[in-house]
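# Structural description and commentary
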Amino acid sequence: MDKKTLTLNGKTVEFQAGQTILEVARSYEVFIPALCYLDGCTATGACRICVVEVKGARSLIASCSTPAENGMDICTDSDRVRKSRRLTIELLLASGEHNCITCEKSGDCMLQNLAYSYGVDAIRFPVAPQPHPTEMMNPFIIRDFSRCILCGRCVQACQEVQVNRAISYGYRGPTAKIIAGCDKTYDESDCVFCGQCVQVCPVGALVEKKARFKGRAKDLDLVRTTCPYCGVGCQLWLHVKDGTIVKVTGVEDAQPNKGRLCVKGRFGYDFIYSEERNKTPLIREDGVLREASWDEALGLVANKFRETIEKHGPDSVAGVSCARSLNEDSYQMQKLFRAVFKTNNIDHCART
Amino acid sequence: MTNSFGEFSKARMFFVIGSNMTEAHPVAATFLKNAVMNGAKLILVDPRRQPLADFADIHVQIKVGSDIAFLNGVMNVLINEDLYDKKFVENCTEGFEELKLKVMDYPPEKAAEIAGVSADVIRDVARTMAETRPSMLCYTLGITEHTCGKNNVMSTANLQMLLGNMGVECGGVNPLRGQNNVQGACDMAALPNVFPGYQKVDNPDARAKFEKAWGVENLPAKPGLMIPQMMEGLVDGKVKAFWIFGENLANSEPDIAKVEHELASAEFLVCQDIFPTETTRFADVIFPSAGWSEDDGTFTNSERRISRVRKVSEPPGDARPNWWIFKEIARRFGHDWKSNSAQEIWDNEVSVLAPSMAGVKYARIEADGLQWPVPDDAHPGTCFLHREGKFTCGLGKFNAVDWTPPAEVPDEEYPLVLSTGRRLYHYHTRTQTSRTGLDYLLPEETADMSAADADALGIHHGEMIMVKSRRGEVKVRANITHQVPPGMVWMAFHFRDACANWLTNPVFDPATLTAEYKACAVRVDKI
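Residues numbered from 1 in each chain as written. Chains lettered and ligands numbered in written order. Predicted model: local features only at pLDDT ≥ 70, side-chain atom pairs only at ≥ 80, totals over all residues. Heavy atoms only, no water.

### A short note on the overall build of chain A
Filter applied, for reference: The helix count covers DSSP runs of H or I at least four residues long, the strand count covers runs of E at least two residues long, and both are numbered beginning at the N terminus. When accessible area is computed with a 1.4 Å probe and restricted to protein chains, residues below 20% of their type maximum are described as buried, those above 50% as exposed, and intermediate ones as partly exposed. Residue-level accessible areas treat just the shown protein chains as cover; the underlying method is Shrake-Rupley with a 1.4 Å probe. In summary, the charge assignment counts Lys and Arg as positive and Asp and Glu as negative, without counting His or the chain termini. In this description, the location of a charge corresponds to atom NZ of lysine, CZ of arginine, CG of aspartate or CD of glutamate.
In terms of regular secondary structure, chain A is built from eight helices and 16 strands. With the principal axes as the frame, chain A shows a C-alpha extent of 95 × 55 × 35 Å. Of all 352 residues assigned to chain A, the portion counted as buried reaches 59%. Carbon and sulfur atoms make up 50% of the accessible area of chain A, which amounts to about 15100 Å² in all. Across chain A, 46 positive and 42 negative side-chain charges occur, with their mean positions spaced 3 Å apart.

### Here we look at the overall build of chain B
Rule in force here: Here the radius of gyration uses the C-alpha set of atoms, whereas the globule reference equals 2.2 Å times the residue count to the power 0.38. Pairs of residues are marked as contacts when any of their non-hydrogen atoms sit within 4.5 Å.
Regarding its fold elements, chain B presents 17 helices and 23 strands. In terms of C-alpha radius of gyration, chain B reaches 24 Å, essentially the compact-globule figure of 24 Å for 527 residues. By principal-axis analysis of the C-alpha atoms, chain B measures approximately 65 × 60 × 45 Å. Split into buried and exposed, the 527 residues of chain B put 66% on the buried side. For chain B, restricting intrachain contacts to residue pairs at least 6 apart in sequence, the fraction spanning at least 24 positions comes to 68%. In chain B, which carries 54 positive and 70 negative side-chain charges, the distance between the mean positions of the two groups comes to 2 Å.

### Some remarks on the packing of helix H8 (residues 327–340) of chain A against helix H16 (residues 342–353) of chain B
Note the cut-off: Only the stretch in contact is used when fitting a helix axis, every axis being a line fitted to C-alpha atoms; angles between N-to-C directions are given from 0 to 180 degrees. When describing relative orientation, an angle under 35 degrees is termed roughly parallel and one over 145 degrees roughly antiparallel, while 65 to 115 degrees is termed roughly perpendicular and anything else oblique. Crossing handedness follows the turn of the near helix against the far one: under a right angle anticlockwise gives a left-handed crossing, and clockwise gives a right-handed one. Under the grouping applied here, Gly and all other residues not named as nonpolar or charged are polar, the nonpolar ones being Ala, Val, Leu, Ile, Met, Phe, Trp, Tyr, Cys and Pro and the charged ones Asp, Glu, Lys and Arg.
One way to put it is that H8(A) packs onto H16(B) with a least axis distance of 10 Å and a crossing angle of 65°. Comparing the axis directions of H8(A) and H16(B) gives the class roughly perpendicular. Considering only the axes of H8(A) and H16(B), their crossing is left-handed. Each of A:Asn327, A:Glu328, A:Tyr331, A:Gln332 and A:Lys335 in H8(A) lies in contact with H16(B), whose residues at this interface are B:Ala342, B:Ile345, B:Trp346, B:Glu349, B:Val350 and B:Leu353. Residue composition of the contact of H8(A) with H16(B), grouped by class: six nonpolar, two polar and three charged.

### Describing the packing of aromatic side chains
The description of an aromatic ring pair rests on the distance of the ring centres and on the angle between the ring planes. Going by this rule: Note on aromatic pairs: the rings of Phe, Tyr and Trp (six-membered ring only in Trp) are paired at centre separations within 6.5 Å, and the planes decide the class, stacked below 30 degrees, edge-to-face beyond 60, tilted for the rest.
Under the criterion given, the structure shown has 28 aromatic pairs over all chains. Taking the centre distance of 6.2 Å and the plane angle of 65° together, the rings of A:Phe337 and B:Trp243 count as edge-to-face. One end of the pair, A:Phe337, is in helix H8; the other, B:Trp243, is in strand E9 (residues 241–245), on a second chain. Judged by its relative accessible area of 0%, B:Trp243 is buried.

### Some words on the interface of chain A and chain B
Many analyses report the size of an interface as the accessible area lost when the parts associate. To keep it simple, the criterion reads: Once two parts are put together, the accessible area they lose, assessed with a 1.4 Å probe and summed over both, is termed the buried area. Any Lys or Arg side-chain nitrogen found within 4 Å of a carboxyl oxygen on Asp or Glu counts as a salt bridge. Any pair of nitrogen or oxygen atoms within 3.5 Å is treated as a polar contact; in protein, a donor-acceptor pairing is required on top of that, and neighbouring residues in sequence qualify only through side-chain atoms on both sides. Strands were regarded as paired on the criterion that DSSP finds at least two bridges between them.
Contacts between the two partners involve 112 residues from chain A and, on the opposite side, 144 residues from chain B. Carbon and sulfur atoms make up 62% of the area that chain A and chain B hide from each other, which totals about 11000 Å². For the pair chain A and chain B, the interface holds six salt bridges. For the pair chain A and chain B, the interface holds 68 residue pairs in polar contact (both at pLDDT 80 or more). Ranked by the residues each element gives to the side of chain A that touches chain B, the list is headed by H8(A), at 14 residues. In this structure, strand E13 (residues 282–285) of chain A lies alongside strand E11 (residues 285–288) of chain B, joined through two bridges in antiparallel fashion. Considered in E11(B), the bridge of A:Ile283 is made with B:Val285.

### Focus on the domain arrangement of chain A
Which entries qualify depends on this criterion: Throughout the structure description, domain borders are defined by an automatic or database domain assignment.
What the domain assignment lists for chain A is domain 1 (4–77), domain 2 (219–277) and domain 3 (282–351). Distance from the C-alpha centre of domain 2 of chain A to the C-alpha centre of domain 3 of chain A: 31 Å.

### Quick look at the sheet that holds strand E5 (residues 73–75) of chain A
Residue and element names in this part refer to chain A. The strand order across the open sheet built from five strands is E2-E1-E5-E3-E4, with neighbouring strands paired in mixed fashion. Single-partner strands in this sheet number two, and they are strand E2 (11–15) and strand E4 (61–62). Strand direction decides the pairing type here: strand E1 (residues 4–8) and E2, joined by five bridges, are antiparallel. The partner of Thr-5 across the bridge, within E2, is Glu-14. Those strands touched by helix H2 (residues 79–94) are strand E3 (51–54) and E5, and its axis lies near 155° from that of E3.

### Some remarks on the environment of B:Val64
Residue and element names in this part refer to chain B. Along the polypeptide, Val-64 turns up in the loop between strand E3 (58–60) and helix H3 (67–80). Judged by relative accessible area, Val-64 falls into the buried class, the value being 18%. Taking C-alpha positions, Val-64 is 20 Å from Asp-255, a pair spaced 191 residues apart along the chain.

### Quick notes on the pairing of strand E12 (residues 244–250) of chain A
Of all the seven residues making up E12(A), five are buried; the element is thus mostly covered by neighbouring parts of the structure. Where strand E11 (residues 235–241) of chain A folds back onto E12(A) in an antiparallel hairpin, the turn is made up of two residues, including A:Asp242, whose phi is positive at roughly 50°.

### What about a nonpolar patch on the surface?
All names here are of chain A. Rules: Residues form patches when they are more than 30% accessible in relative terms and have no salt bridge. Like charges link within 9 Å. Nonpolar side chains (Val, Leu, Ile, Met, Phe, Trp, Tyr) link within 5 Å.
Where nonpolar side chains cluster on the molecular surface, the patch consists of Leu-87, Leu-91, Ile-123 and Phe-125 and spans about 310 Å² of accessible area. Along the polypeptide, Leu-87 turns up in helix H2. On the accessibility criterion, Leu-87 (37% relative accessible area) is partly exposed.

### Description of the side chain of A:Lys335
Looking at where A:Lys335 falls in the secondary structure, it is placed in helix H8. With a relative accessible area of 5%, A:Lys335 lands in the buried category. What A:Lys335 contacts, discounting residues up to four positions off in sequence, is A:Val340, B:Trp214, B:Trp337 and B:Glu349.

### Considerations on the pattern of salt bridges
Under the definition given, this model contains 57 salt bridges over all chains. In this structure, the salt-bridge partner of B:Asp120 is B:Arg123, at a minimum N-O distance of 3.2 Å. In this pair, B:Asp120 and B:Arg123 both sit in helix H7 (residues 119–131), three residues apart, roughly one turn of the helix. The exposure class assigned to B:Asp120 is exposed, which follows from its relative accessible area of 54%. The structure contains a network of salt bridges with shared partners spanning A:Asp295, B:Glu328, B:Arg331 and B:Arg332.

### Quick look at the nonpolar core
Heads up, the rule is: To define a nonpolar core, start from buried Ala, Val, Leu, Ile, Met, Phe, Trp, Tyr and Cys residues and group those joined through side-chain atoms within 4.5 Å.
Counting 55 residues, the largest nonpolar core has A:Phe305, A:Leu336, A:Phe341, B:Trp243 and B:Phe287 as the members making the most contacts within it. Mapped by element, the contributors of at least two residues to this core are helix H7 (294–312) and H8 of chain A together with helix H11 (204–214), E9, strand E10 (268–273), E11, helix H15 (322–332) and H16 of chain B. Top contributing element to this core by residue count: H7(A), with seven residues. Beyond its immediate sequence surroundings of up to four residues, A:Leu336 is in contact with A:Phe341, B:Trp243, B:Phe326, B:Ile329, B:Ala330 and B:Trp337. One finds A:Leu238, B:Phe5, B:Phe14 and B:Phe55 within the second-largest nonpolar core, a separate group that totals 50 residues.

### Comments concerning the pairing of strand E5 (residues 136–139) of chain B
Residues and elements named next belong to chain B. In E5, alternate side chains face the same way, and those of Met-136 and Cys-138 on one face and Leu-137 and Tyr-139 on the other are all buried. With four bridges connecting them, strand E1 (residues 13–17) and E5 associate as parallel partners. Bridge assignment links Phe-15 to a residue of E5, and that residue is Leu-137. In this structure, E5 lies alongside strand E6 (residues 173–175), joined through three bridges in parallel fashion. Among the inter-strand pairings, Tyr-139 is bridged to a residue of E6, identified as Pro-175.

Structural data, given as structure tokens:
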């Protein structure tokens, strides 16, 4: 097959049939801003930020949804392109209450970054009235429609990534809204709170309620780890402030979950901070548990196991390890039972 | 899993049996749904109209516990209509003649009668599977939690070998493991019959190897007890001192009344946990543990991927890492264990002693983990097992098995089948999820039942009812749903008061001692 080539900002580059202009540009590390584009999903061309100029075309073209063609002459950053993007940014800023002062997304907001890099410091349009109140009802996800730019990434994440099919576009014109079911709250709809919509939201329209006012991107350290729930083993970013996890997101491009999480992985992390944690060794005395030092508790257990083994043989002791805990913990426990206690009476809930 | 989650989105066909993946392994299910949306076929075999049914080309709603009859029926059609993979069967397997003889006893009409489905659907499944290959067979506890669990597993392997779906990408037999590190706990040999890396304790060479590595003599050769035997040992006095690490047996084992009697019978019980639980109520000593994110280490997922777990904070109060607790007990027995961190334990002991993990070192799993077998430092890991039909033991062995019914089937007194499982918004006994706000999404247990059964009993959606079995009774809210077929009640074990395990039957697969959580007989009464 003939090689396909096009001109990208004056340079001739090769591409593969089926690639969009945006994909070709990104493969050559030419940055084209995009808001609605979500990797791996059907391009919607909704936001118009990714427009480029193609020689001979009547109008600017959305690069995310236009297939590259042989011989195209594309300019990704012409004056005309920049002017158009500035106008789009202005319109988006006027479409809602994009007040960054207490917005969770400030510093990590695609719209804020675009406005800054395109120097949009004055908005010529009145801010549109906001017909839809913020949904604060559930403990996990805040839906602030006044910050929503209707890019539809959340819809793509719900429909095409997670395939939960809970949210879609609703209404028309100035009352257009991302709706759950027939415009219900997340609670009342088919939403399963996987929170993928929050993860892909480019602005502060969808945010984690538990993380609110706990720290913005610049204040948070990222620690990669593995989810403590099911056997899929999703890779998580723990967003940590002063040693405390404030939110969890999926690690994009990681095996096995490629950025995806479920409700437990995303919102079920804070059990470790419960005040009900066991915090000190306890020993039962006269039927009641009392606090003890490690030395006393360890000594008591060692003595009891030693006495039992001496009196009744090694197989009179048995242990159950934990399928929730680390490999290294299970290794140590079976080593203790085998090498020290001299019994193979060690098991875990593999069979249940 | 013989294969990997990464293959889901490329697969052309799935055969999902006894796996409510959408709720129990939600992220895995997303990749399956992606594949289906892109044209892959899905055959779902499940008594309930669970969420994946909306995506299935064929949903076979078999009766609880009829899996083997159904699978033998499908294999009967594959053989009789000459639709199986003869080349694979000849070159890579043994025992075909016995399998053939056995499944000839299960013509579609007979299998259909046992499974409560039509003979045509059995033929349809067989033909569809023969038409599109390979297919990924996925199962979960719907297969294993039966008195015939081991035979169920072997039947799924029989089917995949007959179709030549083993040892290829997007094929295989894929049990989705329930807990985050149940695979790892097996690999690490928290099992009564093996050392780490599945080296058998009754093999003198393996014992000699571990005696040398651990600096000890006379490692025990006799396989130890499995959990149900340990529990019974507490009552009959064979087990005097019992150590439970991070398990809430008082809620998770079948027949809570029996389990609590067993725990109460322990002469000395040690519990090591992050929270007080229904089980720690019976403890003589409680060790407070470091929890997830309070220690470094590794988990191994269903697809054998060893991934890093990282520490972000110290455990609360005086809680300590679990490996440290075991090491300290060993020290009090005069054993000085050198490794002093999870990384030292892994890099200097586990990967040295377990050949299938020899090439896994912490330095190699900083980002994505590695899937064992990883025999050496240069090995990239193994996405799917039995490549080119080469099985670990040489030839893949067909195990011809007969269908057997559940130990307890409905009768006049207890006319309904109770089947149990997990729900999306909670995890097992809620030790963790009850402390995360998830109760908001699921605040209580329900007894899920069909409209037909509810109507017959005059029960309305949402009313409190009594579910009774020969073991116990629970008061619970009725949830009338199209997911459950007539004749069945479905419950989970997330909530103590209405825990399904007050009702479940403590009968076990004779080989694996897995309990029959998926089937017992109950009655439902209006209150």
